[in-house]
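Close look at the chain arrangement
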There are 2 protein chains.
Amino acid sequence: MHRGFGTASVLAMDTRTMAVAYVERLEARDWDGVTELLAEDVVYEMPQTRERITGREKFMRFNVEYPSDWHLAIRRVVAEGEHAAIWLDVRDDGRPVDAVVWVDAADGRITRITDYWPEPAEPMRGREHLTTRF
Amino acid sequence: MHRGFGTASVLAMDTRTMAVAYVERLEARDWDGVTELLAEDVVYEMPQTRERITGREKFMRFNVEYPSDWHLAIRRVVAEGEHAAIWLDVRDDGRPVDAVVWVDAADGRITRITDYWPEPAEPMRGREHLTTRF
């Protein structure tokens, strides 16, 4: 049903629905389904490594070629207007990773994706009187 | 105007307004103003270090005592219902850091705050044919 470009069903998707579909189709390796959510000139950025991928074709190759066994589960989506923020529980070769994805949409397509993959870190000293660990 | 607890002006704040006020009042070191946005049993979490702070009093001490010279500027807020996601440009002792803050609200107060501070990282090898650097 979501195959083919420019269908009314895609154009009618709101930003939340698009954000959820983006994650679910990635997780399903439904590459055609992901592709149809994206603007042709979509920009994908990873600010932590300062890497940018421009255009749907390269971004899809990036996903298809990604070398690890990755799995995505949505913890939360917050959407407003043409922006969404996605909080993900990722498994990357079995390792649990939290991720945050910022999505921009326009005209019913995703035009920009910004990924953050925050890594585990050691607590700063001197605040043990205020914190507990989980 | 935003001094004092339980005023109508606070209770009427929507989640977006609360999220913006939270950042602006932190940046202004308006500790009373921040305090009044928070539920008494607010929970603050930093998943990267697995640190949790429980309760408004301890969380305010955490902010007041924070040892660096930090500055916060809002890049984006996305709010929906009782959730918001905040994308911040932070300066931490002059060093630029991106941060993401997830906010939960209930009954006109912030009940949970989850902070991510993604660190710079080296690009993975093998995708230079797809990426540019910025």
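Structure first, text after, so check above.
Attention in this report is confined to the structure presented alongside it.

**A short note on the packing of aromatic side chains**
- Enumeration according to the criterion identifies 14 aromatic pairs over all chains in this entry.
- On the basis of an interplanar angle of 20 degrees and a centroid distance of 6.1 Å, the ring pair of Phe59 of chain A and Phe62 of chain A is categorised as stacked. Taken together, the positions of Phe59 of chain A and Phe62 of chain A, both in helix α4 (residues 56–65) and three residues apart, correspond to about one turn of that helix.
- Residue class for Phe62 of chain A comes out buried when judged on its relative accessible area of 5%.
- Ring centres of Tyr44 of chain B and Phe59 of chain B lie 4.6 Å apart, and the angle between their planes is 35 degrees; on these two criteria the pair is classed as tilted. Of this pair, Tyr44 of chain B sits in strand β1 (residues 38–46) while Phe59 of chain B is found in helix α4 (residues 56–65), placing the two residues 15 residues apart along the sequence.
- According to the relative accessible area criterion, Tyr44 of chain B is buried, its value standing at 3%.
- Residue class for Phe59 of chain B comes out buried when judged on its relative accessible area of 1%.

**Overview of the relation of the copies chain A and chain B**
- It takes a turn of 180 degrees to lay chain A on chain B, together with a shift of 0.0 Å along the axis; the resulting RMSD is 0.0 Å. Seen this way, the second copy is the image of the first under a two-fold rotation axis. Residue Pro118 of chain A, judged by its C-alpha, is the member of chain A lying nearest the rotation axis, at 2.1 Å.
- Interface residue correspondence from chain A to chain B reaches 100%, placing this contact among same-surface, isologous pairings.

Conventions we followed
Residues numbered from 1 in each chain as written. Chains lettered and ligands numbered in written order. Predicted model: local features only at pLDDT ≥ 70, side-chain atom pairs only at ≥ 80, totals over all residues. Heavy atoms only, no water. Phe/Tyr/Trp six-rings, centres within 6.5 Å; stacked < 30°, edge-to-face > 60°. Helix = DSSP H or I, 4+ residues; strand = E, 2+ residues; numbered from the N terminus. Buried < 20%, exposed > 50% of the residue type's maximum accessible area, 1.4 Å probe, protein only. Least-squares fit on C-alpha atoms with pLDDT ≥ 70 in both. Contact = heavy atoms within 4.5 Å.

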